[in-house]
Amino acid sequence: MPAARPLALLPMMWSSLQRLLLQLLFLLALHPAPPASAGVEDINSARFRLLAHNASAATFLFRGNVPTIHSASSQPTFVYDTLSSVLNQTAFAASGVYLPSNYGLRLVSLLNFADASEAPNLNVTREGFVRGA
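Residues numbered from 1 in each chain as written. Predicted model: local features only at pLDDT ≥ 70, side-chain atom pairs only at ≥ 80, totals over all residues. Heavy atoms only, no water.

### Remarks on the overall build of the protein
Right, on to step 1. The helix and strand tally for the protein stands at three helices and four strands.
Right, on to step 2. In the protein, the succession of α and β elements from N to C terminus is α-β-β-β-β-α-α.
Right, on to step 3. Expressed as a percentage of its 133 residues, the buried residues of the protein come to 23%.
Right, on to step 4. When contacts within the protein are restricted to residue pairs at least 6 apart in sequence, those whose partners lie at least 24 apart make up 50%.
Right, on to step 5. Accessible area of the protein: about 9,300 Å², with a carbon and sulfur share of 61%. (Helix = DSSP H or I, 4+ residues; strand = E, 2+ residues; numbered from the N terminus. Buried < 20%, exposed > 50% of the residue type's maximum accessible area, 1.4 Å probe, protein only. Contact = heavy atoms within 4.5 Å. Areas by Shrake-Rupley, 256 points an atom, 1.4 Å probe, with all protein chains shown as cover.)

### A closer look at the packing of aromatic side chains
Right, on to step 1. Using the criterion set out here, one finds three aromatic pairs in the structure.
Right, on to step 2. Ring geometry for Phe 60 against Phe 62: centres 6.0 Å apart, planes inclined by 10°, an arrangement best described as stacked. (Phe/Tyr/Trp six-rings, centres within 6.5 Å; stacked < 30°, edge-to-face > 60°.)

### What to know about the pairing of strand β2 (residues 59-63)
Residues in a regular strand project their side chains so that they alternate between the two faces of the sheet.
Right, on to step 1. Where strand β1 (residues 49-54) lies against β2, five bridges are found, and the strand directions are antiparallel. By the bridge assignment for β2, Arg 49 is matched with Arg 63.
Right, on to step 2. The loop that links β1 with its antiparallel partner β2 comprises four residues; one of these, Ala 58, has a positive phi angle of about 50°. (Pairing = 2+ DSSP bridges.)

### Regarding the nonpolar core
Right, on to step 1. Core analysis: the biggest nonpolar cluster contains ten residues, these being Ile 43, Phe 48, Leu 50, Phe 62, Val 79, Leu 83, Val 86, Leu 87, Ala 91 and Leu 99.
Right, on to step 2. A total of four residues in this core trace back to one element, the largest contributor, which is helix α2 (residues 80-95).
Right, on to step 3. With near-sequence residues (within four places) excluded, Phe 48 lies in contact with Ile 43, Arg 63, Gly 64, Asn 65, Leu 83, Val 86, Leu 87 and Thr 90. (Core = buried A, V, L, I, M, F, W, Y, C linked by side-chain atoms within 4.5 Å.)

### Things to note about α2
Right, on to step 1. With 16 residues, α2 should cover 22 Å at 1.5 Å per step; its first-to-last C-alpha distance of 22 Å lies within 8% of that length.
Right, on to step 2. Taken together, the buried positions of α2 are Leu 83, Ser 84, Val 86, Leu 87, Thr 90 and Ala 91. Viewed along the axis of α2, the buried residues span an arc of 165°, placing them on a single side of the element. Residues Asp 81 and Ala 93 are exposed on α2 and point more than 90 degrees away from its buried face. (Expected span 1.5 Å × (residues − 1). Arc of directions from axis to C-beta.)

### Quick word on the environment of His 53
Right, on to step 1. Among the structural elements, His 53 can be located in strand β1.
Right, on to step 2. Its relative accessible area of 30% is what places His 53 among the partly exposed residues.
Right, on to step 3. The spacing of His 53 and Ser 95 is 42 residues in sequence and 7.9 Å in space, taken between C-alpha atoms.
Right, on to step 4. Contacts of His 53, omitting those with residues within four sequence positions, involve Thr 59, Phe 60, Ser 95 and Val 97.

### Side note on the environment of Pro 67
Right, on to step 1. Looking at the element boundaries, Pro 67 is found in the loop between β2 and β3 (68-71).
Right, on to step 2. With a relative accessible area of 5%, Pro 67 lands in the buried category.
Right, on to step 3. In contact with Pro 67, not counting residues within four places along its chain, are Ile 43, Thr 77, Phe 78, Val 79, Leu 83 and Thr 125.

### What to know about unusual backbone geometry
Right, on to step 1. A positive phi is found at Ala 58, a non-glycine position, where the angle reads about 50°.
Right, on to step 2. For Ala 58, the location among the structural elements is in the loop between β1 and β2.

In structure tokens, the structure reads:
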């Protein structure tokens with residue numbers, strides 16, 4: 001049997017991505033985050049939820065707020081260590097299982113570049129992941 005050509009796989013990959021995004025949107029609708037306070041908010045463990053956990057694949061799906069902290073005198077700061085700690089605590093509280101010691105993280109942000117109040121958080125978060133914070 002000949003090997004599949006990469007371009008022939010695109011429709012299957014797109015279909016899988018569409019299903020995953022629809023599942024994510026469905027889960028977000030079922031598990032809304034607690035209401036946000038007015039203005040800019042620091043990372044808050046009370047706003048994190050474990051939406052789904054697959055023990056056999058060791059995958060977790062979380063929802064939470066922006067992984068940044070703010071100070072009056074500077075731009076927001078990306079806080080990867082705090083994010084990791086909050087995710088681990090949230091996973092254990094919801095499922096009794098800690099995250100693996102070595103894991104990959106995918107961030108889906110619903111922030112909007114067009115909104116001047118959200119753009120700085122989005123930029124800092126992206127830069128934090130690029131730097132490997």
